Amino acid sequence: NGFQMEKRYLHPDGTAVWIGMTIAPLKIEDKTHPRHLCMIQDITERKAAERTITHLNRVYAVLSGINTLIVRVRDRDELFREACRIAVEAGGFRMTWIGILDRSVMKIVLVASAGVDEELLATINDRLSSSEGTPLGNPLLARVLSEKKAVVVNDVQTKPAVVFRKKFAASGIHSMAVLPLIVSDETVGVFALYASEIEFFQEQELKLLTELAGDIAFAIDHLDKQERLNYLAYYDVLTGLA
């Protein structure tokens, strides 16, 4: 009987190549010396396309879920909590968290998180809360806050600036993206996403996630303004009395 298989090989230069192998028996008169036909095809591009489609579908699921949430949410805490949950459950991310910038002390305050490793999330929260957790003490967060652009690490084990590399590896995390939440041209917080795959955050995925961060920032601004309008409707501005 014949069979088919797909296998991944590494060149000496480290590049990965996928091959598809098909082996089929040849019908010949000599039964004592069976012959087989082996066909090998380079399927690297097909595998890359399949991976891209899978990754994009996951990001689209997160984008759809969070935008549906934004339409109905009336509370910032619920927005943050549910956005993290959707990213993990619908998007298949290993872990995610949202932090808001406290400008009085220039620290990121973790306000919501979700993921498979609560201990790791607690460790990240402890570092953010410590003096070492200030944005200027964390190169990745400092770049996000100052440049107002996403920072992506597609292989956490090869990036010295990534804190907790060993803990990430133990938790099955191999790539990460930290996206700024920008309101009125100011970075008010960050949205961090962690994936189990190396090289997850490519151009198309990052474009969608940047759009998603913009939607969350818009929701933050909208909810803040709504809270302010509600206050003005029911309380005196000067005295604070009802």
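What this report covers is the structure whose coordinates are included nearby. Everything numeric in this text was worked out from a predicted model, so none of it was measured. (Residues numbered from 1 in each chain as written. Predicted model: local features only at pLDDT ≥ 70, side-chain atom pairs only at ≥ 80, totals over all residues. Heavy atoms only, no water.)

## A look at the overall build of the protein chain
Link 1 in the chain: Within the protein chain one finds six helices and eight strands.
Link 2 in the chain: Pairs at least 24 residues apart make up 52% of the contacts formed inside the protein chain by residues separated by at least 6 positions.
Link 3 in the chain: Put simply, the protein chain shows about 14300 Å² of open surface, and 54% of that area lies on carbon and sulfur atoms. (Helix = DSSP H or I, 4+ residues; strand = E, 2+ residues; numbered from the N terminus. Contact = heavy atoms within 4.5 Å. Areas by Shrake-Rupley, 256 points an atom, 1.4 Å probe, with all protein chains shown as cover.)

## Looking at unusual backbone geometry
Link 1 in the chain: Phi is positive for Ser184, close to 55 degrees, though the residue is something other than glycine.
Link 2 in the chain: By the secondary structure assignment, Ser184 is in the loop between β7 (175–183) and β8 (186–195).
Link 3 in the chain: Notably, Glu199 is not glycine yet its phi reads approximately 65 degrees, a positive angle.
Link 4 in the chain: Note that Glu199 resides in the loop between β8 and α6 (203–234).

## Thoughts on the sheet that holds strand β3 (residues 35–42)
Link 1 in the chain: Read from one edge to the other, the open sheet built from three strands follows the order β1-β2-β3, with strand pairing classed as antiparallel. Among the strands making up the open sheet, the edge pair consists of β1 (3–10) and β3. When the angles between neighbouring strand axes are averaged without regard to direction, this sheet yields 25 degrees.
Link 2 in the chain: Here eight bridges tie β1 to strand β2 (residues 16–26), and the two strands are oriented antiparallel to one another. Residue pairing across strands places Glu6 opposite Gly20, the latter belonging to β2.
Link 3 in the chain: Against the sheet, helix α1 (residues 44–72) engages β1, β2 and β3, with an angle of about 120 degrees to β2. (Pairing = 2+ DSSP bridges. Axes fitted to C-alpha atoms, helices over the stretch in contact; angles between N-to-C directions.)

## Concerning the sheet that holds strand β6 (residues 151–153)
Link 1 in the chain: Strand order in the open sheet made by the five strands is β5-β4-β8-β7-β6, with antiparallel pairing throughout. Strands at the two margins of the open sheet, each flanked by one partner only, are β5 (107–115) and β6. The mean inter-strand angle of the sheet, taken between neighbouring strand axes irrespective of direction, is 15 degrees.
Link 2 in the chain: Pairing of β7 with β8 involves nine bridges; the strand directions are antiparallel. Looking at β8, one finds that Leu179 is bridged to Phe191.

## Looking at the packing of aromatic side chains
Link 1 in the chain: Tallied over the full model, the rule gives four aromatic pairs.
Link 2 in the chain: Relative to Phe201, the ring of Phe200 lies with its centre 5.0 Å away and its plane at 75 degrees, an arrangement referred to as edge-to-face.
Link 3 in the chain: Here Phe201 falls in the buried class, since its relative accessible area comes to 4%.
Link 4 in the chain: In this structure an aromatic cluster arises from ring pairing among Phe93, Phe200 and Phe201.
Link 5 in the chain: A cation over an aromatic ring shows up here: Arg58 above the ring of Phe93, its NZ or CZ 5.7 Å from the ring centre. (Phe/Tyr/Trp six-rings, centres within 6.5 Å; stacked < 30°, edge-to-face > 60°. Buried < 20%, exposed > 50% of the residue type's maximum accessible area, 1.4 Å probe, protein only. Lys NZ or Arg CZ within 6 Å of the ring centre and 35° of its normal.)

## Concerning the pairing of β5
Link 1 in the chain: Bridge analysis of strand β4 (residues 95–102) against β5 gives eight bridges, and the strand direction is antiparallel. Along β5, the bridge assignment pairs Asp102 with Lys107.
Link 2 in the chain: The loop that links β4 with its antiparallel partner β5 comprises four residues; one of these, Met106, has a positive phi angle of about 55 degrees.

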